[in-house]
Amino acid sequence: MFDVVIYSIIGAFYLFVVLSQMLVVILENHQPVKTVAWLMVLFFLPVAGLVAYFFFGRNRKREHFVSKACASQLARRAAVRFYQGGFPEVPEEHKPLIKLFRRQSGALPYANNKIRFFTAGVDMLDNLLRDIASARHHIHVEFYIIEDDRVGRTVCEALAAKVREGVSVRLVYDDVGCWNVKKIFFRQMEEKGMQVAPFLPVRFPKLTSKVDFRNHRKIVVIDGIIGYVGGMNLAERYFYPAESGEPAWRDTHTRLMGNAVAGLQRAFLSDWYVAVRQTITEQVYFPHEDECRKIMDSDREAYASLDALIQIVTSIPTAPWPDIMQGLVLAVMRARKYCYLQSPYFMPTERMLFALQTAALAGVDVRLMIPERTDKRFLTWASRSFLYDVIRAGVRVYLYYTGFLHSKTLVCDDTLASCGSTNIDFRSFERNFEVNAFVYDRGAALSLKEIFLKDQTHCRLLNLETWETRSIWYRMAESSIRLLSPLL
């Protein structure tokens, strides 16, 4: 009898905890789809769901990660390069998008930039190592993943060599992205003279306040003049075929030279402040345009554009607006002829889904390219559950079958291109630190369009009729996983 009473008390207490937590979920006013997803998890998986929500779902205090003083100083320093170049001529068709980014996060449109796209990891790595070797003052490196493999070690040895020459090296890695990397790897970097910092390290008891705010950015800044941004991490799978014979991941990365690197520098130094609470705003990190121009003129590499107008746009989970998502939505909605997008995952928010459907129904040639198989099966299922919604609106969906497509790009109307770290999914749009380069330039847009059309030859086009005839078991699995897509 006593055992029954005890179990009844425990059961009642647990039921109270679950129900009260469900009430908290409702009162936190997430987007309805996210609220419903968490309620389902808590209801059907009460034990695991309660643990998952405790670690991943709680609404943290909306404090800004970067102090107002630091953010203000970095904004002023980044603006210097903008004013040095004079007020750029802004294309009329993209004024609303440029104005949106300026109002949201102070992203300035920088003129006088060279830009080059890389689709092969080995080409990007060769150029990166060459640029590291040319550094004279500082090198800033930030990646979501830096593996202790031949790629990670090669880059770190190149950085160590520059430290021995007196060049300052700072490196930020995401603590969750590098969970599988032994800490001795990063300690060895410090022993070689590099300044190394994990981004929001996950340590108990502060796990719940940081595990869901991950830094997904991939940034390199060299002397404030050369910059890299895109989708590639420092891991072998991005650069070399696997031992099993699987090809290297197909990704897109960009190399920039010019004033827009100030935007990448601002993003890195903001993250550096978050990681180590050190404010770095000296003028040497934002060199004068004349210094930049000398190096640009001496560089004879092949570029997609030699005079591109670029905005470096960042998004953070505590900002009042999802900057990059809103920009992508506006770009899709304002496209007149075509809009081509690539993403490794496709779990769009309602606003992004609505934009794609609206543009396609309005007669715009909207094409979406995603991998036939992702690196995680349940993400493949979740992505496919959304495809019917866009196909029936007229979006042409291509499944890339030559390996894993990890590229995150957009190109519209031969005038706008975007490349960065942002996936078309809830996590990138709302929970990660992300960065994209938005390029308002015909040469860059045509180059990215050519890349898309080349990738298209390695794809199969989905057909609405055949898509609807898929096995009921596949459709059930996809629809079930879709319910959790806001949480993935």
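Residues numbered from 1 in each chain as written. Predicted model: local features only at pLDDT ≥ 70, side-chain atom pairs only at ≥ 80, totals over all residues. Heavy atoms only, no water.

Visitor: Hey, could you run me through the overall build of the protein in this one?
Guide: When helices and strands are counted, the protein shows 19 helices and 18 strands. Considering the protein as a whole, with its 488 residues, one finds that 57% of them fall into the buried category. Look at the contacts in the protein between residues 6 or more apart in sequence, and 82% of them connect residues 24 or more apart. Total accessible area on the protein stands at roughly 21,400 Å², and carbon and sulfur atoms take up 58% of it. (Helix = DSSP H or I, 4+ residues; strand = E, 2+ residues; numbered from the N terminus. Buried < 20%, exposed > 50% of the residue type's maximum accessible area, 1.4 Å probe, protein only. Contact = heavy atoms within 4.5 Å. Areas by Shrake-Rupley, 256 points an atom, 1.4 Å probe, with all protein chains shown as cover.)

Visitor: I would appreciate a short explanation of the confidence of the model for the protein in the present structure.
Guide: Note that predicted coordinates carrying low pLDDT should not be read in detail. Averaged over every residue, the pLDDT of the protein is 85; residues scoring 70 or more account for 79%. Taken as a whole, residues 205-209 scores under 50 in pLDDT and shows 7 contacts with residues more than four places along the chain or in a different chain. (pLDDT = per-residue confidence, 0-100.)

Visitor: So what exactly am I meant to see when it comes to the pairing of strand β1 (residues 109-118) here?
Guide: Two faces make up the sheet, and in a regular strand the side chains alternate between them. Of all 10 residues in β1, 9 are buried, a share of seventy percent or more. In terms of strand pairing, β1 meets strand β9 (residues 305-315) through 4 bridges, oriented antiparallel. Residue Y110 lies in a different strand from β9, and its bridge partner there is I310. Pairing geometry for β1 and strand β8 (residues 253-258), over 6 bridges, is antiparallel. Bridge pairing links N113 to G258 in β8. (Pairing = 2+ DSSP bridges.)

Visitor: I keep staring at helix α7 (residues 150-164) and nothing clicks. Help me out?
Guide: Because each turn of an α-helix spans 3.6 residues, side chains separated by three or four positions end up pointing in the same direction. When the terminal C-alpha atoms of α7 are compared, their 21 Å separation across 15 residues agrees well with the 21 Å that a helix rising 1.5 Å per residue should span. Among the residues of α7, those classed as buried are V151, G152, V155, C156, A158, L159, A160, K162 and V163. Of the residues flanking the start of α7, the one acting as N-cap is D149, its side-chain oxygen 3.1 Å from the backbone nitrogen of V151. Taken from the residues just after α7, G166 is the one with a positive phi, measuring 100°. (Expected span 1.5 Å × (residues − 1). Polar contact = N/O pair within 3.5 Å; in protein donor to acceptor, adjacent residues only side chain to side chain.)

Visitor: Looking at this structure, how should I read the pairing of strand β7 (residues 226-230)?
Guide: The buried fraction of β7 amounts to 5 of the 5 residues, a majority that puts the element mostly inside the structure. Relative to β7, strand β6 (residues 219-222) runs antiparallel, the two being bridged by 4 bridges. When the bridges of β7 are listed, I222 appears paired with I226. The hairpin turn running from β6 into β7, its antiparallel successor, is 3 residues long, and D223 in that turn takes a positive phi close to 60°.

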